[in-house]
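# Descriptive structure summary
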Amino acid sequence: MAGIIIPIVCYAIIFYVVGTISWSLWKQRKKGPPAWPPYPLINATEEEMDRRRAEVRDMLSHKALGAERARRLWGKLQRAEIGGGLIHEFHRDFCGHGLIRTQAGIILCDIQDGHFPGPAIATWDNEREFVDFFARQSDFTMSGWEPAEPVFFTEDKWYRNNQRLRAEIIDRFL
């Protein structure tokens, strides 16, 4: 008797599972493909985008990082392994600026794909120069808006303030 009932129950369970999956797939196909992109597109004019960039720029802090924070940053970077350091974005493609420890000192560079340093934008091989440079920096200067800071300055609208170093990111690293 058990030799007949057990296979029947197993077949019933299999049919139920296959039927449920098939029904679910059929319902999804009937609904059609999901809307793409899954978020509303902004159809802003170039003037509107410039206005938004200026609005974000005007919210950036002009307060300098200061010598103490810059010294702590140098010390923490010196304790990082070579090739490591301050990488604040870990995702695909462009991840913004990072500070990476090298054999010779520290480099400021673009980070790609969450951990690949690009060519050096600037290099420091001693604490004094590093501290002098970063002590005077602010969120505004590091964003790329300030022409008086050629290391960070850019006229590229996409690159400006795009995942750049900020005091908050540096503090999180420290």
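Refer to the structure printed above.
So, a few notes on the structure that sits alongside this text. All of these numbers come straight from a predicted model, not from anything done at the bench.

Summarising the element assignment, Asp 139 is placed in helix 5 (residues 139–142). There is a polar contact of 2.7 Å between the side chain of Asp 139 and the backbone nitrogen of Ala 167. When residues no more than four places from it in sequence are discounted, the contact partners of Asp 139 are Leu 60, Ser 61, Arg 166 and Ala 167.

What follows deals with the sheet that holds strand 2 (residues 94–101). Strands in a sheet are paired, the pairing made by backbone hydrogen bonds, and the direction either parallel or antiparallel. The strand order 1-2-3-4 describes an open sheet built from four strands, whose pairing is antiparallel. Two strands bound the open sheet, and with one partner strand each, they are strand 1 (85–87) and strand 4 (116–124). With strand direction ignored, the average angle separating the axes of adjacent strands in the sheet is 20 degrees. With six bridges joining them, strand 3 (residues 106–112) and strand 4 adopt antiparallel strand pairing. Within the sheet, the bridge partner assigned to Cys 109 lies in strand 4 and is Ala 120.

A cluster of nonpolar side chains, Met 1, Ile 4, Ile 5, Ile 8, Val 9, Ile 13, Tyr 16, Val 17, Ile 21 and Leu 25, forms an exposed patch at the surface whose accessible area comes to about 1,100 Å². Within the secondary structure, Ile 21 sits in helix 1 (residues 2–31).

With that settled, consider the environment of Leu 65. Within the secondary structure, Leu 65 is located in the loop between helix 2 (46–59) and helix 3 (67–79). Taking relative accessible area as the criterion, Leu 65 reaches 8% and is therefore assigned buried. Sequence-wise, Leu 65 and Ala 135 are 70 residues apart; in three dimensions their C-alpha atoms are separated by 5.1 Å. Filtering out sequence-adjacent residues up to four positions away, Leu 65 remains in contact with Phe 134, Ala 135, Gln 137, Met 142, Ala 167 and Ile 170.

Looking now at the packing of helix 3 against helix 4 (residues 127–135). At a minimum axis distance of 8 Å, the contact between helix 3 and helix 4 shows a crossing angle of 130 degrees. Overall, the two elements helix 3 and helix 4 adopt an arrangement that is oblique. Classified by chirality, the crossing of helix 4 by helix 3 is right-handed. Facing helix 3, whose interface residues are Ala 67, Ala 70, Arg 71, Leu 73, Trp 74 and Leu 77, helix 4 presents Glu 127, Phe 130, Val 131, Phe 134 and Ala 135. For the contact of helix 3 with helix 4, the per-class residue count stands at nine nonpolar, no polar and two charged.

Let us now look at the state of the cysteines. What the rule picks out here adds up to zero disulfides. Distance from the sulfur of Cys 95, which forms no disulfide, to the nearest cysteine sulfur (Cys 109) is 11 Å. Overall, Cys 109 belongs to the buried group, its relative accessible area being 0%.

Glancing now at the pattern of salt bridges. Inspection of the entire model under this criterion finds 13 salt bridges. For Glu 48, the salt bridge goes to Arg 52, with nearest N and O atoms at 2.9 Å. With a gap of four residues between them, Glu 48 and Arg 52 both fall in helix 2, about one helical turn apart. A residue is classified by how much of its surface remains accessible, and Glu 48, at 23% relative accessible area, is partly exposed. The salt bridge partner of Arg 53 is Asp 50, with a shortest N-O separation of 2.8 Å. Here the residue Arg 53 and the residue Asp 50 both occupy positions in helix 2, the gap between them amounting to three residues, near one helical turn. Accessibility expressed as a relative area gives 31% for Asp 50, which makes it partly exposed. The network of salt bridges with common partners includes Glu 46, Asp 50, Arg 53 and Lys 157.

About the criteria used
Residues numbered from 1 in each chain as written. Predicted model: local features only at pLDDT ≥ 70, side-chain atom pairs only at ≥ 80, totals over all residues. Heavy atoms only, no water. Helix = DSSP H or I, 4+ residues; strand = E, 2+ residues; numbered from the N terminus. Polar contact = N/O pair within 3.5 Å; in protein donor to acceptor, adjacent residues only side chain to side chain. Contact = heavy atoms within 4.5 Å. Pairing = 2+ DSSP bridges. Axes fitted to C-alpha atoms, helices over the stretch in contact; angles between N-to-C directions. Patch = residues over 30% accessible without salt bridge, like charges linked within 9 Å, V, L, I, M, F, W, Y side chains within 5 Å. Areas by Shrake-Rupley, 256 points an atom, 1.4 Å probe, with all protein chains shown as cover. Salt bridge = Lys/Arg side-chain N within 4 Å of Asp/Glu carboxyl O. Buried < 20%, exposed > 50% of the residue type's maximum accessible area, 1.4 Å probe, protein only. Parallel < 35°, antiparallel > 145°, perpendicular 65-115°, else oblique. Left-handed = near helix turned anticlockwise from the far one by under 90°. Nonpolar A, V, L, I, M, F, W, Y, C, P; charged D, E, K, R; others polar. Disulfide = S-S within 2.5 Å.

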